[in-house]
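Residue-level listing of the chains:
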Amino acid sequence: FEALKAKLWTFMHDSIYPNEQLFIQQTHAIGQASNEWTHAPIHVELMQICEILGTSCPAEFASQCTNCTSPDTGNMEVLARYGTPAQREQWLIPLLNGTIRSAYAMTEPGNENQKGSSDATNMSIRVERDEKTQEYVINGSKWWITGAGSLHCKVMILMGKTNPEAAIHKTTSQILVPMDTPGITLLRPLCAFGDDDAPKGHMEIVFEDCRVPFENVILGEGRGFEISQGRLGPGRIHHCMRAIGQAERALAAMCSRVQNRTVFGKKLSKFDSILQDIGKIRAEIECCRLLIHKAADNMDKFGNKDPRTRQLLSLVKAHVPVTLQDCTDRCMQAHGAKGFSNDTPLFSAWAGARALRMADGPDEVHWRTAAGIELKLQEHSPLKNYGEFEVDRTKVFRRTTDPISETTKQLLKNYSKL
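These remarks concern the structure in this document. Because the structure is a prediction, the values reported are computed rather than measured.

1. A look at the overall build of the protein
So, step 1. In terms of helices and strands, the protein carries 12 helices and nine strands.
So, step 2. Against the compact-globule benchmark of 22 Å for 418 residues, the protein has a radius of gyration of 27 Å, which places it well outside the compact range.
So, step 3. If one aligns the C-alpha atoms of the protein with their principal axes, the spans along those axes are about 100 × 65 × 40 Å.
So, step 4. Counting over 418 residues, the protein shows a buried share of 47%.
So, step 5. Accessible surface computed for the protein: about 22300 Å², of which carbon and sulfur atoms make up 54%.

2. Some thoughts on the side chain of R289
So, step 1. Checked against the element boundaries, R289 lands in helix α8 (residues 272-302).
So, step 2. Among the polar contacts listed, one links the side chain of R289 to the side chain of E286, at a separation of 2.9 Å.
So, step 3. Contacts of R289, omitting those with residues within four sequence positions, involve M47, E51, I244, E248 and R282.

3. Let's talk about the packing of helix α1 (residues 2-16) against helix α3 (residues 45-53)
When two helices pack together, their arrangement is given by the angle between their axes and by how far apart the axes lie.
So, step 1. Remark: α1 packs on α3, axes separated minimally by 10 Å, with the N-to-C direction vectors making an angle of 10°. What the angle tells us is that α1 and α3 run roughly parallel. With respect to the hand of their crossing, α1 and α3 are arranged in right-handed fashion. Residue-level inspection shows L4, K5, L8, W9 and M12 of α1 in contact with α3, the latter providing Q48, I49, I52 and L53.

4. Considerations on the packing of helix α5 (residues 72-82) against helix α7 (residues 224-258)
So, step 1. For the pair α5 and α7, interaxial distance at closest approach is 9 Å and the crossing angle is 140°. Considering the angle they form, α5 stands oblique to α7. The hand of the α5/α7 crossing is right-handed. Contact residues: α5 offers T73, G74, N75, E77, V78, R81 and Y82, while α7 offers E226, I227, G230, R231, P234 and H238.

5. Digging into the environment of G372
So, step 1. Structurally, G372 is set in helix α11 (residues 363-378).
So, step 2. Looking at G372, the relative accessible area reads 30%, which means it is partly exposed.
So, step 3. Between the alpha carbons of G372 and Q311 there is a distance of 8.8 Å; along the sequence they are 61 residues apart.

6. Structural notes on the pairing of strand β2 (residues 126-130)
So, step 1. Strand direction decides the pairing type here: β2 and strand β3 (residues 135-146), joined by five bridges, are antiparallel. By the bridge assignment for β3, V127 is matched with I138.

7. Some points on the packing of aromatic side chains
So, step 1. Under the definition given, this model contains five aromatic pairs.
So, step 2. Here F347 and W350 contribute two aromatic rings whose centre-to-centre distance is 6.1 Å and whose plane-to-plane angle is 25°, an arrangement assigned as stacked. A residue pair is termed a helical-turn pair when its members lie 3 or 4 positions apart in one helix, as F347 and W350 do in helix α10 (residues 346-356) at three residues.
So, step 3. Classification of F347 by relative accessible area gives partly exposed; the value is 28%.

8. So, the side chain of N304
So, step 1. Counting through the fold element by element, N304 comes out in the loop between α8 and α9 (307-334).
So, step 2. Classification of N304 as buried rests on a relative accessible area of 6%.
So, step 3. Apart from residues lying up to four places away in sequence, N304 is in contact with R81, Q229, G230, G233, P234, M299, T309, R310 and L313.

9. Some words on α10
So, step 1. Burial in α10 covers these residues: L346, A349, W350, A351, A353 and L356.
So, step 2. The inward-facing, buried residues of α10 abut α7 and α9.

10. Structural notes on the nonpolar core
For soluble globular proteins, nonpolar side chains are generally found buried alongside one another.
So, step 1. The biggest cluster of nonpolar side chains holds 41 residues, and the ones touching the most others in it are I138, M156, L158, V177, I205 and F207.
So, step 2. Listed by contribution, the elements that provide at least two residues to this core are α5, α6 (85-97), β1 (101-105), β3, β4 (153-161), β5 (172-178), β7 (202-213) and α7.
So, step 3. Considering each element in turn, this core owes the most residues, six residues, to β4.
So, step 4. Core analysis: the next-biggest nonpolar cluster, separate from the first, contains 37 residues, C240, M241, A295 and L356 among them.

11. Details of the pattern of salt bridges
So, step 1. By the definition in use, this model includes 25 salt bridges.
So, step 2. Between E221 and R129 there is a salt bridge, with its nearest N and O atoms 2.5 Å apart. With E221 in the loop between β7 and α7 and R129 in strand β2, this pair connects stretches of sequence that are 92 residues apart.
So, step 3. We classify R129 as partly exposed; its relative accessible area is 41%.
So, step 4. Taking the shortest distance from any N to any O, the salt bridge between R357 and D363 comes out at 2.7 Å.
So, step 5. When salt bridges with common partners are traced through the structure, they connect E51, E248, R282, E286 and R289 into a single cluster.

The rules we used
- Residues numbered from 1 in each chain as written.
- Predicted model: local features only at pLDDT ≥ 70, side-chain atom pairs only at ≥ 80, totals over all residues.
- Heavy atoms only, no water.
- Helix = DSSP H or I, 4+ residues; strand = E, 2+ residues; numbered from the N terminus.
- Rg over C-alpha atoms; globule rule 2.2 N^0.38 Å.
- Buried < 20%, exposed > 50% of the residue type's maximum accessible area, 1.4 Å probe, protein only.
- Areas by Shrake-Rupley, 256 points an atom, 1.4 Å probe, with all protein chains shown as cover.
- Polar contact = N/O pair within 3.5 Å; in protein donor to acceptor, adjacent residues only side chain to side chain.
- Contact = heavy atoms within 4.5 Å.
- Axes fitted to C-alpha atoms, helices over the stretch in contact; angles between N-to-C directions.
- Parallel < 35°, antiparallel > 145°, perpendicular 65-115°, else oblique.
- Left-handed = near helix turned anticlockwise from the far one by under 90°.
- Pairing = 2+ DSSP bridges.
- Phe/Tyr/Trp six-rings, centres within 6.5 Å; stacked < 30°, edge-to-face > 60°.
- Core = buried A, V, L, I, M, F, W, Y, C linked by side-chain atoms within 4.5 Å.
- Salt bridge = Lys/Arg side-chain N within 4 Å of Asp/Glu carboxyl O.

Spelled out as structure tokens, the structure:
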């Protein structure tokens, strides 16, 4: 494994870091040239690999070059875990070989029902059965569908409501929808912080009488939420692993800057506030790394449906991006005006961390999930009965009608004269 990491570091130094500006230029050129986007040429142990990959700018540049990018890795896991042999043959093998890319269609704009998509039970896209043709008929909208903008994207996994009358977490299914299926309209690429993220893109998509055969359902009808939990755990932690790499790069840039920049007669590195920031950032990165490591270790040992593992995954997703966003913000501040320009990777790292606080669900949802699990776990805590001390209320301090001693009366009298 150490040899593999060394090989990856060599790859990063030889092929990734020298080509970051070229990659950014190419992606922007693709986004501006036309609406036909194509890609530019290009669990504990995985955590360390993702961290190294995450040191690139943009954060997923190296991951794209090694076929380890979102949403493909999550879709690969779904197909590997839940797909039929035929589904794996048709879609998983090409994804693993890197000959195609994919998208995951879950988030909705809420135009039809005016309900927030952070609560997935609000899903409104309709997936109806046509028994005559043995097909699902899909109607509705999705948005922020990452990867759908590229012509290399050949399939999406769509989550839609197939059983609206069932129990709330049995209403949805996940269905394979080939991108060349009639009835799919890529309405527009959505921009985050002014970037369309071409050639992957984050698309708003309209489905109008889009038909796919019944055999395209994954695992069976009504099991959409079950698959989501299996998919989103690894997906969330992979992003946070890469975010550690982004924070490491930001801190390295800051340390280099402050040791070579003079203000008010001395190096920035001689100011106590700068030194304090560097120390705090190092502590925060290490704390985030340990939290991710524990979550990854739990996934390896107990699976991502174990309650404590699920809690750790929620804590990772809620805590790591906002913490590393703040770390990067301080690195930007130490760079002065340059930190807000495209002359450094810092703004890209900051924007990525900020966007990650909404991707795969907002922070508030993950804190809520972690807290809900905590309350259930605390029911079995050996400490649950030791939150309060017993109070002996038979002992009375004093009654207001109790007589007061002459000495105290004299003190009160003297005090009133002050």
